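Working through the structure, step by step
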Amino acid sequence: MNRANPTPYDHILYPGHSYRQTHPDRLATLATLLGMQPAPVDRCRVLELGCGSGANLIPMAWGLPGTECVGIDLAARPVAEGQTTIQELGLGNIQLHQLDLLDFPDTMGTFDYIIAHGLYSWVPPAVRNKLMAVCQKHLAAHGVAFISYNTYPGCHIRDMLREMMLYHVHNAPDSITKIHQAQALLKFLADSQTEPDEYGRLLHKELERVMHYSAAHLFHDDLAEINQPLYFHQFMEHASSHGLQFLSEAEYFMVQTDQFPEHTVKVLNGLEGNILGQQQYLDFLRCRRFRQTLLCHADLAIHFQVRPEQMADFYFSAPTTAVSEASDISSPEEMEFHGDQGSRLKTTNPLAKAALQYLGSMWPQSVHFKEILTEALNSLGRARENEDEIELGAILQSGFGTGLVDVHLSPPRLVLEPGEYPMVSPVARMQAAMGDLFTTLRHRTVRLDDTLACQLVQMLDGTRTVASLTTQLRQRARDAESPGDGTGQGRTISAGQDGEREVKTLLRSLARLGLLVQ
Ligand SMILES: C[S@@+](CC[C@H](N)C(=O)[O-])C[C@H]1O[C@@H](n2cnc3c(N)ncnc32)[C@H](O)[C@@H]1O
């Protein structure tokens with residue numbers, strides 16, 4: 001039965017957003033690389049369990065109009081909010097239902113991609129079981145399920161703090177008081193550690209983590225009634241009891257063993273053929289707290305060894321910047337590239353330098369393997385040689401393995417150069433009216449600190465030129481200055497020619513974030 005009673009998620013809304021690692025493009029790309037034949041990204045069925053207000057699923061549905069997206073969540077209020085958003089956006093390919101996962105009906109059919117972000121560890125055992133059962137029953141033969149969960153050993157540290165916070169807040173009369181009391185306890189504990197010992201360092205790190213994320217996250221995560229981490233091997237035992245097997249982590253670089261010293265890599269590689277054991281020891285080595293595991297049906301043959309020659313069929317993207325310039329990239333001089341999430345790569349290989357430089361210049365666009373090869377050889381000023389394809393494949397594969405390069409099956413509908421009538425997605429325009437977090441066409445969440453940029457996003461519906469955008473931003477600034485208007489905050493547009501230049505610069509930075517649509 002659906003619970004009519006409000007849940008904690010009705011009371012305090014969970015600040016959900018888009019998670020790029022859940023996007024069908026990511027799931028299909030990994031599945032293809034690992035030997036499966038997943039459904040085409042632009043014509044698939046996607047199910048999100050515990051979808052909240054659809055902050056992840058709605059931009060996905062907009063970006064992939066040929067897909068059919070279904071989301072379910074127990075909490076009525078976020079689902080109702082999501083349904084209103086869908087109506088306002090006029091999306092016909094997505095439905096959100098207020099439904100207890102325990103009551104998931106058999107009539108829902110099969111799905112090519114099933115997403116459960118932030119659900120497994122936060123629900124009782126019966127719901128966890130049902131989640132696996134739904135994946136077993138409703139996942140297409142070559143479908144991929146994404147399930148995130150908290151893991152040990154890393155969460156032992158978190159559990160210690162969580163238990164102290166729960167003890168401290170157990171008499172708090174309401175949720176807001178609970179949040180404030182929990183924050184205050186952590187601060188008290190951290191500030192009281194005058195000796196720079198292990199415990200003090202740990203408390204300061206936890207305090208930083210808790211203060212860094214929102215009060216709503218603290219409430220639904222550390223202070224949640226249920227927050228059950230488990231070891232990877234326990235999660236996999238549960239999955240395999242439902243006929244599911246390990247495919248990968250959604251962040252492919254997290255599966256790799258080669259980020260450790262040589263002697264460690266040797267031991268880990270000795271576990272080849274025992275992928276689950278290898279992954280479990282990786283968690284011990286990293287003291288891992290969180291996993292985003294991809295599962296598929298157990299009867300599929302998975303080829304865990306990705307080969308360089310497979311790369312030729314894919315698109316690539318990378319927000320790379322060269323931190324050390326080489327005077328001549330053809331020379332064996334070393335260059336270092338930095339990317340997302342602390343990823344970095346040093347190389348003396350001219351083809352690698354040229355390819356990474358080209359990808360960085362094209363970011364956030366995805367570029368096909370063939371184009372990268374052509375452009376890299378152009379910048380090296382040489383003709384193609386026999387080994388170039390395999391060499392570039394190995395370079396891109398290793399970039400993917402370190403998290404520097406992303407691999408895709410299809411490019412998103414974004415543009416690098418603002419056209420005459422620049423446009424963002426209607427999802428982004430709606431987000432501009434609500435705050436400063438935006439979903440890019442790469443399905444990333446970005447924050448725009450600049451109020452002028454947020455105002456501009458709201459106007460980018462493809463009907464205005466730079467000149468008219470500038471005029472309207474000026475008008476807004478004048479209106480905001482008028483007495484009685486409380487909106488006059490933040491940066492305003494410059495006068496004269498400078499205004500148009502400013503708008504053009506802002507448009508280019510929005511394009512660079514992946515917000516401008518074709
Ligand atoms: C931690 S939130 C995660 C929300 C979203 N997936 C995200 O990661 O941003 C967990 C969500 O699961 C939903 N949920 C909890 N129990 C559920 C159940 N039995 N059936 C369906 N949804 C459930 C909650 O209402 C909440 O929206």
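From a predicted model like this one, the values you see are computed outputs, not experimental measurements. (Residues numbered from 1 in each chain as written. Predicted model: local features only at pLDDT ≥ 70, side-chain atom pairs only at ≥ 80, totals over all residues. Heavy atoms only, no water.)

Assigned domains of the chain: these are domain 1 (8–152 + 229–297), domain 2 (154–220), domain 3 (308–408) and domain 4 (426–513). Listed by partner, the interface residues are 16 residues for domain 1 and 16 residues for domain 2. In total, domain 1 and domain 2 occlude about 1,300 Å² of area from one another, counting both sides; carbon and sulfur atoms represent 60% of this. A per-residue breakdown of the area domain 1 buries against domain 2 is headed by Ile 12, Tyr 152 and Arg 289, which together make up 47% of the total. (Domains from an automatic or database assignment. Contact = heavy atoms within 4.5 Å. Buried area = accessible area lost by both parts, 1.4 Å probe.)

Taken together, 17 residues lie around the ligand, and Tyr 19, Gly 50, Asp 73, Leu 101 and His 117 are the ones closest in. Within the side chain of Asp 73, one N or O atom sits 2.5 Å away from an oxygen atom of the ligand. Within the backbone of His 117, a nitrogen or oxygen atom sits 2.7 Å from a nitrogen atom of the ligand. Contact with the protein chains removes 95% of the 590 Å² of surface that the ligand exposes when unbound. Class assignment for the residues of the shell around the ligand results in 10 nonpolar, 5 polar and 2 charged. (Near = heavy atom within 4 Å. Polar contact = N/O pair within 3.5 Å; in protein donor to acceptor, adjacent residues only side chain to side chain. Areas by Shrake-Rupley, 256 points an atom, 1.4 Å probe, with all protein chains shown as cover. Nonpolar A, V, L, I, M, F, W, Y, C, P; charged D, E, K, R; others polar.)

Taken in spatial order, the 3 strands of this open sheet run β9-β10-β11, and their pairing is antiparallel. The two strands at the open ends of the sheet, each matched to only one other strand, are β9 (321–322) and β11 (344–347). Pairing between β9 and strand β10 (residues 335–338): 2 bridges, direction antiparallel. If you follow Thr 321 over to β10, its bridge partner there is His 338. Of the strands in this sheet, β10 and β11 touch helix α13 (residues 350–362), which is tilted by about 35° from β10. (Pairing = 2+ DSSP bridges. Helix = DSSP H or I, 4+ residues; strand = E, 2+ residues; numbered from the N terminus. Axes fitted to C-alpha atoms, helices over the stretch in contact; angles between N-to-C directions.)

Within strand β1 (residues 45–49), 4 of the 5 residues are buried, which leaves the element mostly enclosed by the surrounding structure. Where β1 lies against strand β2 (residues 68–73), 5 bridges are found, and the strand directions are parallel. Note on β2: the bridge partner recorded for Leu 49 is Ile 72. For β1 and strand β4 (residues 111–116), the ladder comprises 3 bridges, and the chain directions are parallel. When the bridges of β4 are listed, Leu 47 appears paired with Ile 114. (Buried < 20%, exposed > 50% of the residue type's maximum accessible area, 1.4 Å probe, protein only.)

To describe a pair of aromatic rings, you give the distance between the ring centres and the angle between the ring planes. The full count for this structure, using the stated rule, is 11 aromatic pairs. For the ring pair Tyr 120 and Phe 235, a centre distance of 5.1 Å and an interplane angle of 75° mean the geometry is edge-to-face. Of the two residues, Tyr 120 is situated in the loop between β4 and α5 (125–138) and Phe 235 in helix α10 (residues 232–240); the sequence distance between them amounts to 115 residues. Of the two residues, Tyr 120 and Phe 235, neither departs from the other in class, the shared state being buried. Look at Phe 232 and Phe 246: their rings are 5.5 Å apart centre to centre, the planes differ by 85°, and that puts the pair in the edge-to-face class. Here Phe 232 is found in helix α10, whereas its partner Phe 246 is found in strand β6 (residues 244–249), with 14 residues between them in sequence. (Phe/Tyr/Trp six-rings, centres within 6.5 Å; stacked < 30°, edge-to-face > 60°.)

At their nearest, the axes of α13 and helix α15 (residues 388–402) sit 10 Å apart, and the two run at 60° to each other. The angle between α13 and α15 falls in the class oblique. The way α13 lies across α15 gives a crossing that is right-handed. Contacts between α13 and α15 involve Leu 351, Ala 352, Ala 355 and Leu 359 on the former and, on the latter, Asp 388, Glu 391, Leu 392, Ile 395 and Leu 396. Split into classes, the residues belonging to the contact of α13 with α15 amount to 7 nonpolar, no polar and 2 charged. (Parallel < 35°, antiparallel > 145°, perpendicular 65-115°, else oblique. Left-handed = near helix turned anticlockwise from the far one by under 90°.)

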